[in-house]
Amino acid sequence: MKVPLFAITLTSFCHADPEGFEMTIFAKPFQVEYPTALTAAADGTVYVSADRNGSLGKDKEVGKVVSCRDTDGDGKADEFFDFVPKIDSPRGGHFVGDTLYLIHPPFLSSFRDTNGDGVSDEHKVLLENIGFGLNHPRGSDHTTNGCRMGIDGWLYIAVGDFGMEGTRGTDGRVVTLHGGGVARVRPDGSQLEVYSYHTRNNCDVAISPYLDMFTRDNTNDGKGWDTRVHHFTNGSEHGYPRLYKNFTSEAVKPLLDVGGGSGTGALYLHEPGFPGEMGDQLYTCDWTTGKIYKHALEPFEASFKAEQEDFMTLARAVDMDVDGESHLYVCDWRGGRFVYAGEGVKVGLVQRLTMPGMKVEAWPDLAKMGDADLVKQVAHRSAVRRLEAQRELLKRGGKPAVADGLVALIKDGELPLYSRVAAIFTFKQLDGAEANAALLENVGDEAIREFVLRAVADRKDQLEGVPSDAFVRGLKDANPRVRLQAVIGLQRLGAKDAASELIALGSETWEERLSLGAGEDYRIPHATVQALAGLEAWEACLEAASDPATRAVALQALQLMHTDEVVSGLENLLVKEEVDESLRFDLVKTLARLFYTEGEWDKKDWWGTRPDDRGPYFLVSEWSGTPKVKTILERAFAKAPKSEHGRLIEVMAKNRIDISALELGERDPLMMALGSTELSQGNIALLTSAALDADRPWEVRLRCYRSLGRGDAAEVLRNRIEILSKWLQEEALGEVAEREVTDFISSPALILEIKTLHQVAVKEDDQMSRIAWRALLSFSQSPLAKEMFREQALKLVKNNPRQVGFFLALQDLKLTGFDEQIAAAIDSDNDTLIQEAKRTKEMLASTAASGGKIVAELDAAEVMKAAMEGKGDVANGATLFNRQGCIACHAIDQAAVQKGPYLGSAGSGFTRDYLIESILDPNAVVAQGFQTELLTLKDGSVKMGFVTRDEDGVLEIRDIAGIATEVKIADIAKRDHQSTSMMPPGLASNLTLGEFVDLVEYLASLKVN
């Protein structure tokens, strides 16, 4: 049997133990293997979801949930049962009371063991169609991942960006969410609703004692959405993929943005068996970095500012949970990748951590407690104890003495806040709508006002007769958390008559919010916009739009309301004689947003790992108001001064409006050239001139240069090289110019233009020649290039070039093996050429080549050992990264054109062994989202590669040479996913061992600042 390369390092992998903890291996293969998640029951029984499919496999009935119990107290499980045998795609769950709530896409189910034999015999489906099942081409990769119950009795569900495709609850309610987020449902499967919108692929939800929700989200492989730690509040919009890139102010900010990684489990730990802040803290897991992090949280308005600190290092951190005696459990996908590794391969580990010396009560039998004692448990220091006591009380039903006891806890100002919060939500669940009046009697207590308002408005089926006055007063409360709950509550109550107060509140800090730094955000202005849109309070918003003090909030809300009344109201404001330039632009901006609406999702297609992020809609679709909006925009443009035309066109284009389809009269030629799908000679000249104009903003110059790429390659090649050569000479541009040169040279389609490149190399100035020769030299050395092209380029570079640019290119690439060409130049009669050839000879001689055997001659274990233990030359590794063709498919700068898996944060996102194996054996570690796809077109032709873009009904697929081809989705008859990587094996075979170590060192050095 072939031993995977990663096993070479993981057999001796040493995790970093958290200081002070006692750690035991609680369960290991083959008792438990392939752990996708775990949940600890209060009594210490751990339920491990095990799935041999991993994230990408699609075999039926290879998953199960294993219960693991330590019966002799040695910290190691010795009793195992297949609690739920043969189940597809078991993911995260929460064991509460006697019930396991489990996500197993496309279902959320409850499982109970009613006869005590260790195996569940009662199975109830609570939700169906929640995340695609194994029928999806990617298996259960980005599906719904986990759930956890809050003290409010809701099950909060981590929804991956497969989304919710018409999810149905037990009460018949159907909810759709196109994308990731958080949903919630009652434990019986009723009252399903979306809680937070549009994250990427969050796997878990951590819940604090005060019902703050957190998760660690995943990256989108280099398109600007890095690993993020989110704080969820009711109705929060997080912006993936529609808003985060071009409409950032409309989404809430993440608490942290930490570069590469793959967020997995999350836990808010609130237990007594841990010292200091450790027992009241947020923890998150990351599969890629192998770490569990702890996060200090500092209140900031109605949200938080967060920090990140390493807590524990594993091989592949997956999940964590805690039992009722403060034993912490962590699971690790050690030894595994994305699919089943085969019989006999050990994958996974569960470990238990305990802090010695801490006094923790033994877990009691809550079922044997009297009601009075059980009520006391609701106020306990342990979050596990509080929740379990609550569920037991609810099971027993409403009793006057219990209600009185809970009310006494609610009113007791000497108790910790977490105790009173637990009592509020236990009382609310016990008495339902009848609890509202009693709860509102406590709204005068500022310590618990936030939670009184939240509990009263918590259930939409229990709102009849609830007055809005307490919520309206809450909008002016000194506590921002109270203000936030007042906003949310008013929306849930449908209190449209409070719209003016909502607009005023949101406007107070709107401008200040826009100037906040990274990791700082005001949640209240965002929540007011969402509430106004949800209430469809268009009349109040139109009235407020004329006032500069309230305009921003009002228009942000109006752009979310696609109604004829809104369009007519905006038109009326626009045609008023007294409208000023600032208001006119803001109104046009709002109308541009209303030109389209979000198209209907077919509930089948997924947008991929790097979807269209232009926004503000994923699927643009016209609606009944589009023709009127178009006419209004055309009239507004005609009346605007010419100085405003560029800005107006830009905002319309940003909203995906086809500028060429509008009747706009006389327009800016450059803006039209940028928006044109075809390039005339005049457009080429105009774009070239603008790109070279140092007085223009860099973003415009870059856009002009990249727009030339739409033209015929041979026709625009000289222009592109001229621009790049001039940019390299602009000192202020520095690295960004070099980035564009590298992107240009690494473009695989460029190899088809060898003849034109050679003409530029021999006829143009030294700097243009330098770029052309860099491209030709790269082709001559690239293992990705077809032999015919490589030989063609090699013939040209071996033919004793007489251009200074050739020798400058050799210096840039640190390329040896051209002694004959250097000697011929030194022997020439051109003084300039002689001097440059001598300089090249000296430089290459001083660059000592890494010695040793070549990789192809060595055993994989020897290469792995050397690369793990060696220290390479980062600078030379960077050169090799380009020379070996890696740059053709991997960007290292987010501002560069994105292709295959992003490697700009490889050092912080991947372990060293992972990087090594990715090079030596690409098929073993195929990056998620970049599996090979086989497209069979309706005309019978076939395209193979990985998809790098999916926009407006067109796929861009990049083949093994890195050449991108566009394919209309309508022309595709069949799409098949292959198990292999597009990255060919052997790309490093021609490197010496030393050079290989240099390459690995360079990749490891690429870290997020």
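The rules behind each value
Residues numbered from 1 in each chain as written. Predicted model: local features only at pLDDT ≥ 70, side-chain atom pairs only at ≥ 80, totals over all residues. Heavy atoms only, no water. Helix = DSSP H or I, 4+ residues; strand = E, 2+ residues; numbered from the N terminus. Rg over C-alpha atoms; globule rule 2.2 N^0.38 Å. Buried < 20%, exposed > 50% of the residue type's maximum accessible area, 1.4 Å probe, protein only. Areas by Shrake-Rupley, 256 points an atom, 1.4 Å probe, with all protein chains shown as cover. Lys, Arg positive; Asp, Glu negative; His and termini not counted. Charge placed at Lys NZ, Arg CZ, Asp CG, Glu CD. pLDDT = per-residue confidence, 0-100. Contact = heavy atoms within 4.5 Å. Salt bridge = Lys/Arg side-chain N within 4 Å of Asp/Glu carboxyl O. Pairing = 2+ DSSP bridges. Axes fitted to C-alpha atoms, helices over the stretch in contact; angles between N-to-C directions. Phe/Tyr/Trp six-rings, centres within 6.5 Å; stacked < 30°, edge-to-face > 60°.

With that settled, the discussion passes to the overall build of the protein. Scanning the protein from N- to C-terminus turns up 34 helices and 35 strands. In summary, the protein has a C-alpha radius of gyration of 31 Å against a globular reference of 30 Å for 1009 residues, a match within 12%. Taken over the C-alpha atoms alone, the protein extends approximately 105 × 80 × 55 Å along its principal axes. Classification of the 1009 residues of the protein by burial places 60% in the buried group. Surface exposure of the protein reaches about 39,600 Å², of which carbon and sulfur atoms provide 49%. With 112 positive and 153 negative side-chain charges, the protein shows a spacing of 2 Å between the two charge centroids.

Quick look at the confidence of the model for the protein now. The predicted model of the protein has a mean per-residue pLDDT of 90, with 95% of residues at 70 or higher. Below pLDDT 50 for its whole length, residues 1-14 participates in 25 contacts with residues either more than four positions away or in separate chains.

Another aspect to go through is the pattern of salt bridges. Scanning the entire structure with this criterion turns up 57 salt bridges. Note that R69 is salt-bridged to D43, the shortest N-O span being 3.3 Å. Linking R69 in strand β4 (residues 63-69) with D43 in the loop between β2 (35-40) and β3 (46-51), this pair joins segments that are 26 residues apart in sequence. Taking the relative accessible area as the measure of exposure, R69 reaches 30% and is therefore partly exposed. Classification of D43 as partly exposed rests on a relative accessible area of 41%. Residue R614 pairs with D612 through a salt bridge whose shortest N-O separation is 2.7 Å. In this structure R614 comes out as partly exposed when scored by relative accessible area, which is 26%. Relative accessible area serves as the criterion here: at 3%, D612 is assigned to the buried category.

Moving on: the sheet that holds strand β21 (residues 280-286). As summarised here, the arrangement of the 4 strands in space is β20-β21-β22-β25, forming an open sheet in which the pairing is antiparallel. At either end of the open sheet lies a strand with only one pairing partner, and these are β20 (263-270) and β25 (309-313). The average angle at which neighbouring strand axes cross in this sheet is 25°, direction not considered.

Turning next to the pairing of β3. Most of β3 is tucked away, with 6 of its 6 residues classed as buried. Neither face of β3 is open: one carries V46, V48 and A50, the other Y47, S49 and D51, and all of them are buried. Bridging between β2 and β3 involves 5 bridges; their strand directions are antiparallel. Residue pairing in the sheet places L38 in a bridge with V48 of β3. Here β3 pairs with β4 via 6 bridges, running antiparallel. Residue A50 lies in a different strand from β4, and its bridge partner there is K64.

This brings us to the packing of aromatic side chains. Within the structure shown, the criterion is met by 30 aromatic pairs. Look at W698 and W727: their rings are 4.7 Å apart centre to centre, the planes differ by 65°, and that puts the pair in the edge-to-face class. Pair noted here: W698 is in helix α21 (residues 698-707) and W727 is in helix α22 (residues 713-728), with a separation of 29 residues, a long-range link. The same class applies to W698 as to W727, namely buried. Each ring, one from F806 and one from F807, has its centre 5.0 Å from the other, and the planes form 90°; the classification is edge-to-face. For the pair F806 and F807, one class covers both residues: buried. Every member of this aromatic cluster is reached through a ring pair, and the members are W225, Y240, Y244, W607 and F618.

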